[in-house]
Amino acid sequence: PVIIDEHNTKEVVFKHAVDEALAEENLKGLQEAWVQWRSRTPDDVPLDNQELTKVRRQAANIARQQLGEAVRDGSFAAIDEALRNADQIADVFPCAPELRSTLEYKAARINWE
């Protein structure tokens, strides 16, 4: 029997979308990958614990960076967008609630209110 490597399975497509979003520091793209995965299947994401931890760490770092930049910029719109992205990372995917305890998140929240 010949084993064919499938390059377009939903798992491969999801992992590629996640990797691409993280490489581009695109948190909206990360959420879009999650939404696309959930629209196709109720299964858990195809990441093992180590991979999920890596995604969580990278996404939280990107969110912290974006929050800090938004606060330095001082624009209400930039802070609002950075907070919305951070809340998605904290609550939805990859579920990093510890993001809300960072100095960057707290500073953005204070400047937003």
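Above this note sits the structure.
As a starting point, this report considers the structure included with it. Within each chain, residue numbers correspond to sequence positions counted from 1 in written order. Predicted model: local features are reported for residues with pLDDT of at least 70 only, side-chain atom pairs are reported and counted for 80 or more only, and whole-chain, interface and lining totals are derived from all residues. Side-chain measures were taken over the full set of non-hydrogen atoms in the model, leaving aside hydrogen atoms and water.

To continue, consider the overall build of the protein chain. Helix and strand counts for the protein chain come out as 5 helices and 0 strands. When accessible area is computed with a 1.4 Å probe and restricted to protein chains, residues below 20% of their type maximum are described as buried, those above 50% as exposed, and intermediate ones as partly exposed. In the protein chain, which comprises 113 residues, the proportion classed as buried is 35%. Contacts are assigned to residue pairs with any non-hydrogen atoms lying within 4.5 Å of each other. Of the contacts made within the protein chain by residues no fewer than 6 positions apart, 64% connect residues no fewer than 24 positions apart. Computed with a 1.4 Å probe, the accessible areas rest on the Shrake-Rupley method; for each residue, only the protein chains presented here act as cover. As presented, the protein chain carries roughly 7,200 Å² of accessible surface, and 51% of it is formed by carbon and sulfur atoms. Starting at the N terminus, helices and strands are each numbered in turn, a helix being any DSSP run of H or I of at least four residues and a strand any DSSP run of E of at least two.

Here we take up the side chain of Gln 31. Within the secondary structure, Gln 31 sits in helix 2 (residues 27-40). In this view, Gln 31 contacts Gln 88, Ile 89, Val 92 and Phe 93; residues no more than four positions away in its chain are not counted.

This part takes up the environment of Ala 86. Relative to the assigned elements, Ala 86 resides in helix 4 (residues 76-91). Since its relative accessible area comes to 0%, Ala 86 is described here as buried. The contacts of Ala 86, once residues within four sequence positions are left out, are Ala 63, Leu 67, Leu 99 and Tyr 105.

Counting through the fold element by element, Ala 96 comes out in the loop between helix 4 and helix 5 (103-112). In this structure Ala 96 comes out as buried when scored by relative accessible area, which is 0%. Ala 96 sits 41 residues away from Val 55 along the chain, and the two C-alpha atoms are 9.8 Å apart. Excluding residues within four positions of it along the chain, Ala 96 makes contact with Arg 56, Ile 89 and Ala 90.

Moving on, we come to the pattern of salt bridges. Side-chain pairs of opposite charge can arise where the charged atoms are in close proximity. By salt bridge we mean one thing: a side-chain nitrogen of Lys or Arg within 4 Å of a carboxyl oxygen of Asp or Glu. Tallied over the entire structure, the rule returns 7 salt bridges. Between Glu 51 and Lys 15 there is a salt bridge, with the nearest N and O atoms lying 3.7 Å from each other. Placement of Glu 51 in helix 3 (residues 49-73) and of Lys 15 in helix 1 (residues 10-23) is noted, with a sequence separation of 36 residues between them. Its relative accessible area of 30% is what places Lys 15 among the partly exposed residues.

With that out of the way, let us pick up the nonpolar core. With 29 residues, the main nonpolar core has Phe 14, Val 18, Leu 30 and Phe 93 as its most contacted residues. Among the elements of the structure, helix 1, helix 2, helix 3, helix 4 and helix 5 are those that each provide at least two residues to this core. Of the residues forming this core, the biggest block, 8 residues, is contributed by helix 3. Not counting chain neighbours up to four residues away, the residues in contact with Phe 93 comprise Phe 14, Val 18, Leu 30, Gln 31, Trp 34, Val 45, Leu 47, Leu 52, Val 55 and Gln 88. Only buried residues count toward a nonpolar core, which is a set of Ala, Val, Leu, Ile, Met, Phe, Trp, Tyr and Cys residues joined through side-chain atoms within 4.5 Å.

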